[in-house]
Amino acid sequence: MPIVVGAIVVAIAAGAFAVYGMRGTQSNAQADAGANCAKTVDLAKKHMPLVKGEVAALTVNATPFKVPDLAFADASDKARKLSEWQGKTVLINLWATWCVPCRKEMPALEALQAKLGGPKFEVVAINIDTTNPDKPKAFYKDTNLTKLGYFTDSKAKVFQDLKSAGRALGMPTTILMDNNGCEIGFMAGPAEWAGDDAVKLITAAIAN
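Residues numbered from 1 in each chain as written. Predicted model: local features only at pLDDT ≥ 70, side-chain atom pairs only at ≥ 80, totals over all residues. Heavy atoms only, no water.

> Account for the pairing of strand β8 (residues 183-188), naming residues and giving values.
Burial analysis of β8 places five of its six residues in the buried class, the great majority of the element. Bridge count between strand β1 (residues 59-60) and β8: two bridges; the pairing is antiparallel. Counted as the bridge partner of V60 is G185 from β8. Of the strand pairs in this sheet, strand β7 (residues 173-177) and β8 are connected by five bridges, and their pairing is antiparallel. Paired with T174 across the bridge in β8 is M187. What sits between β7 and β8 in their antiparallel hairpin is a turn of five residues, with G181 showing a positive phi close to 80°. (Buried < 20%, exposed > 50% of the residue type's maximum accessible area, 1.4 Å probe, protein only. Helix = DSSP H or I, 4+ residues; strand = E, 2+ residues; numbered from the N terminus. Pairing = 2+ DSSP bridges.)

The following block contains the structure:
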């Protein structure tokens, strides 16, 4: 009996150590994110006067948040990760062909990319259709989306990753991320991203 009890005690201790270790790792990661993204929160607060009109629904981040390194694929089915855009301000948008507001929003994202896209900024629109991969490609062609890069996640894991972080509340989901991978703000629902209000906000984000 003492041997059995001893084994149980060891197992419990090992389990507690594992949980503590995992929590410690998570806490360290959160602390690192906080240290790296604290400046972004301060800058985001300065952008608050620009969060109005067409982009009034943007929730400006009040606490440091590092955007997860989302994994997806490009038009050639090559694996891509969000960290590849490190150094750029990025507007991340999750969309699907079954989402009517998403489809209506895509031409505005195309126009925004045409207007501001370049070495310092890019719109990364990720399709999350889980069936019929030809459908979103056909939508790109039919809607004449030539400036937006085509990215897809047929398992919709990017949505689940952002949902777990409290950032995906519906479709479309959009995150404005700075050049260090830190969130400036996020939005659930569509916006007129090519409008004056959006352009002024994103131009200010790029400048910082």
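> Help me get a handle on the environment of W95, residues and values and all.
With respect to the helices, strands and loops of the structure, W95 is situated in strand β4 (residues 89-95). Expressed as a C-alpha distance, the spacing of W95 and A125, which sit 30 residues apart in the sequence, is 7.0 Å. In this structure W95 touches C102, M106, A125, I126, N127, I128, P136, F139, Y140 and M171, once residues within four positions along its chain are discounted. (Contact = heavy atoms within 4.5 Å.)

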